[in-house]
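A closer look at the structure
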Amino acid sequence: MAGEHSALGQTLDRMLHEVSLKLTPEGGRIFVDNADLDRVDQCSIELKCWFSPELFSLDVTIGSEEHPRVKLFEDDEEDTSKEVETEVGWRLSDVPVMLTLHRVDEAWLKGSAEKNDGSPVLGHFHYYPRVNTADGVIRDKRPTVTAWMALGADNFALVRSRLLDFKRFDFEIGLTIAFPQGTVDRHELMGRSVRWDGEGTLPVKSGSIVWRKEDWSPDWHRKERLIEKPQPKAELPYDPPREHLEAMEVSRRIEAALSKLSTPLWIAVAALVAMAVRQAGWFG
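Quick notes on the rules
Residues numbered from 1 in each chain as written. Predicted model: local features only at pLDDT ≥ 70, side-chain atom pairs only at ≥ 80, totals over all residues. Heavy atoms only, no water. Pairing = 2+ DSSP bridges. Helix = DSSP H or I, 4+ residues; strand = E, 2+ residues; numbered from the N terminus. Axes fitted to C-alpha atoms, helices over the stretch in contact; angles between N-to-C directions. Contact = heavy atoms within 4.5 Å. Patch = residues over 30% accessible without salt bridge, like charges linked within 9 Å, V, L, I, M, F, W, Y side chains within 5 Å. Areas by Shrake-Rupley, 256 points an atom, 1.4 Å probe, with all protein chains shown as cover. Salt bridge = Lys/Arg side-chain N within 4 Å of Asp/Glu carboxyl O. Buried < 20%, exposed > 50% of the residue type's maximum accessible area, 1.4 Å probe, protein only.

Brief notes about the sheet that holds strand S3 (residues 58-68)
Strand order in the open sheet made by the four strands is S4-S3-S10-S9, with mixed pairing throughout. Single-partner strands in this sheet number two, and they are strand S4 (86-91) and strand S9 (184-187). Going from strand to strand, the sheet's axes swing by 35° on average, the running direction of each strand aside.

Below, the structure written as structure tokens:
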């Protein structure tokens, strides 16, 4: 019984302190290395990701540095007329996560497991505070968060091929990180919050990559798509037929001819009236 209680306690402890981070890649690059005796085709993938939690589900704060609050929807230039808001620690959502994917094989996994009590290392999670030297040569605007994850050969090839045809926001990455004890709090209404001092290296317990293609969501039903109202089509400019254009041209020519004839007709009428007046001797 004691062994069962111990195993149960370890499972509950793992559930409390292992946190899954949802990362959204915005771009990446591939590093291709020279051939080596151990690995002929050695390369790695680096992705620039942002932590994208569901609303009010998870908040991760790292470190204890006091700094100006990051404003997402305002210009980066500081407005001296406003009081600068500060906060302690950096929110993970304000710092990009540079994730490196390494290709490994079974031999590497077995060797890693032998060195780590039977469990291979699947990845690490690091935090590096800002560096600001006194001479101003190095002035980091934000801290750095890096991580790496091991992938098998087939999965690595899949990610590499898809990355070459990368479209923004078409896939997501999930990393499960084991945070230290006492850093994870659970709230009934606000989900979980993590406050980590940023010291040391955290293990990556698991990882997954999910691509989305076309209509993948089970929340959208085929019936709703069939009865969806079609969008109104834009009205095209009216293109009159040739017969109508010819009739309008004839009408314009007739109007022009009549306008030319109207002026001499009035002049002739005025001349006849003047002649009749002289003959009648109305002006002596």
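Focus on the sheet that holds strand S8 (residues 171-178)
Read around the barrel, seven strands follow the order S1-S2-S5-S7-S6-S11-S8 and close on themselves; strand pairing throughout is mixed. When strand polarity is set aside, the average angle formed by the axes of neighbouring strands in this sheet is 35°. Pairing between strand S5 (residues 97-103) and strand S7 (residues 144-151): seven bridges, direction parallel. From the neighbouring strand, His 102 faces S7, where its bridge partner is Ala 150. Packed onto the sheet, helix H3 (residues 153-164) meets strand S1 (18-32), strand S2 (43-51), S5, S7 and strand S11 (202-211) and runs at close to 65° relative to S2.

Observations regarding a nonpolar patch on the surface
Among the surface-exposed residues, Val 131, Val 137 and Ile 138 lie close enough to one another that they form a single nonpolar patch of about 260 Å² accessible area. Within the secondary structure layout, Val 137 lies in the loop between strand S6 (123-128) and S7. When its relative accessible area of 65% is taken as the criterion, Val 137 is described as exposed.

Details of the environment of Asp 33
Along the chain, the position of Asp 33 falls in the loop between S1 and S2. Given a relative accessible area of 39%, Asp 33 falls into the partly exposed group. Here the alpha-carbon distance between Asp 33 and Cys 43, two residues ten residues apart in the chain, equals 5.6 Å.

Quick notes on the pattern of salt bridges
Following the criterion strictly, the structure yields nine salt bridges and no others. Here Asp 170 ties to Arg 162 by a salt bridge, and the two come within 3.7 Å at their closest N and O atoms. Given the relative accessible area of 27%, Arg 162 is considered partly exposed. Between Arg 212 and Glu 172 there is a salt bridge; the shortest N-O distance is 3.3 Å. Of this pair, Arg 212 sits in the loop between S11 and helix H4 (222-226) while Glu 172 sits in strand S8, and the two are 40 residues apart along the sequence. What emerges from the salt-bridge pattern is a single network uniting Asp 59, Arg 69, Glu 87 and Arg 91.

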